[in-house]
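Topology and contacts: notes
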Amino acid sequence: MSCIGRFAPSPTGPLHSGSLLAALASFLDIRAQQGQWLLRIEDLDPPREVAGARDQILFALERFRLHWDGPVTYQSQRLELYRAVLDQLQRKGRAYPCQCSRKQLNERNALVHYDGHCRRHPPPPSALCAIRAVVSDAELQFDDRIQGSRRYTGEEAPGDFVIFRRDGLFAYQLAVVVDDAEQGITQVTRGADLIDETPRQLVLQQHLGYRRPLYAHIPVLTNAQGQKLSKQTFAQPLDLSEQMIAGQLVGALQLLGQQPPAELNDGLAEEILGWAIAHWQIERIPRQLSLPPPTGTEHV
Ligand code: GLU
Ligand code: ZN
């Protein structure tokens, strides 16, 4: 059976070195198995979108020769599908309306771990509500191909979580699970910043009777101080000029533990990817990843 993977960026900014790592790892893992690699733009949250980011991402992937299969999918064009699944979950009693405000949740200390208030006290039909999915499992577990076995029990298990927001937007959790299932995704390879979202996605897969994909969470790049690279701490934006592509691909492969031979430094992007597909070993990806301090700033 052939495998299907995907890269699913949100158009909230250009591709950065962390997202290149996730895209590259996902691409190589699928190409090494002769599978299909899909591109899905997760544009569900217009207020967070940055004008032009979508085109920048597509352009950057093409520059790095990370060619995807088939047409690009846009979540903004799939709202009817999410609506149908949301209704189905409510009909099955696996989701319910919640009218708690942020302030109320905060006062009840239920912001992070929802206390089930609206499940016990259904709000009136006219109330402006979010929809939450029911979490009934006390124990959620999966085996990550990079991070190993992950268990979420007791306090670490998620509370009932939002799948449709009070402001009328579908939540990431719902859309990602529906799309992964509907597109037949067998391998989810993405940044480890999302690893703790995975148990919520397992809950929805169970409610909906979907197959569980294999998960691999790529370590998030941190700087030498252990801080996640963000727009503020960001040392190196990607350089999309043609003469810089090969070097950045080789650098990304090294970070992924793949040991490309030195000759490849002068290779073409296509040759580098060809080598990487032929020699891909996901077991070599480290669990954690920090960049060395930038040179030139050390004091002797
Ligand atoms: N759209 C999400 C992000 O850019 C990634 C979703 C996923 O890979 O599951 O953070
Ligand atoms: Zn509530």
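Heads up: these notes are all about the structure in this document.

The rules we used
- Residues numbered from 1 in each chain as written.
- Chains lettered and ligands numbered in written order.
- Predicted model: local features only at pLDDT ≥ 70, side-chain atom pairs only at ≥ 80, totals over all residues.
- Heavy atoms only, no water.
- Core = buried A, V, L, I, M, F, W, Y, C linked by side-chain atoms within 4.5 Å.
- Buried < 20%, exposed > 50% of the residue type's maximum accessible area, 1.4 Å probe, protein only.
- Helix = DSSP H or I, 4+ residues; strand = E, 2+ residues; numbered from the N terminus.
- Axes fitted to C-alpha atoms, helices over the stretch in contact; angles between N-to-C directions.
- Parallel < 35°, antiparallel > 145°, perpendicular 65-115°, else oblique.
- Left-handed = near helix turned anticlockwise from the far one by under 90°.
- Contact = heavy atoms within 4.5 Å.
- Nonpolar A, V, L, I, M, F, W, Y, C, P; charged D, E, K, R; others polar.
- Near = heavy atom within 4 Å.
- Polar contact = N/O pair within 3.5 Å; in protein donor to acceptor, adjacent residues only side chain to side chain.
- Areas by Shrake-Rupley, 256 points an atom, 1.4 Å probe, with all protein chains shown as cover.
- Salt bridge = Lys/Arg side-chain N within 4 Å of Asp/Glu carboxyl O.

This part is about the nonpolar core. In terms of nonpolar packing, the biggest core is built from 46 residues, with Leu24, Leu28, Trp37, Leu61, Leu66, Leu249 and Leu256 touching the most fellow members. Within the residue set of this core, elements represented by two or more residues are helix H1 (17–31), strand S2 (36–41), helix H2 (53–63), strand S10 (214–218), helix H8 (242–255) and helix H9 (269–278). The element contributing the most residues to this core is H1, with 8 residues. With 31 residues, the next largest nonpolar core counts Leu38, Ile163, Leu174 and Ile185 among its residues.

Let us look at the packing of H8 against H9. Packing of H8 against H9 brings their axes to within 9 Å, and their N-to-C directions diverge by 20°. Judged on the interaxial angle alone, H9 and H8 are roughly parallel. Seen along the crossing, H8 lies across H9 with a hand that is left-handed. Contacts between H8 and H9 involve Ile245, Ala246, Leu249, Val250 and Leu253 on the former and, on the latter, Ala269, Ile272, Leu273, Trp275 and Ala276. Here the contact of H8 with H9 is composed, by residue class, of 10 nonpolar, no polar and no charged.

Once that is clear, we can look at the site of ligand 1. Inspection of the region around ligand 1 gives Arg6, Ala8, Pro9, Ser10, Glu42, Tyr172, Val176, Arg190 and Leu194 as its neighbouring residues. At a separation of 2.7 Å, a nitrogen atom of ligand 1 approaches a polar backbone atom of Ala8. Here Ser10 contributes a side-chain N or O atom positioned 2.9 Å from a nitrogen atom of ligand 1. In isolation ligand 1 exposes 300 Å². Once the protein is present, 78% of that is buried.

Here the focus is the pattern of salt bridges. This structure, assessed with the given rule, holds 21 salt bridges. The salt bridge partner of Asp179 is Arg78, with a shortest N-O separation of 2.8 Å. One end of the pair, Asp179, is in helix H6 (residues 172–182); the other, Arg78, is in the loop between strand S3 (73–74) and helix H3 (79–91), and 101 residues separate them in sequence. Take Asp179 and Arg78: they sit in the same class, and that class is buried. The salt bridge involving Lys103 is made with Glu107; its shortest N-O contact spans 3.3 Å. Pair noted here: Lys103 and Glu107 are both in helix H4 (residues 102–107), with a separation of 4 residues, about one helical turn. Across the pair, exposure class does not vary: Lys103 and Glu107 are exposed alike. Here the salt bridges share partners, and the residues they tie into one network are Arg6, Arg40, Glu42, Arg78, Asp179, Asp180 and Glu182.

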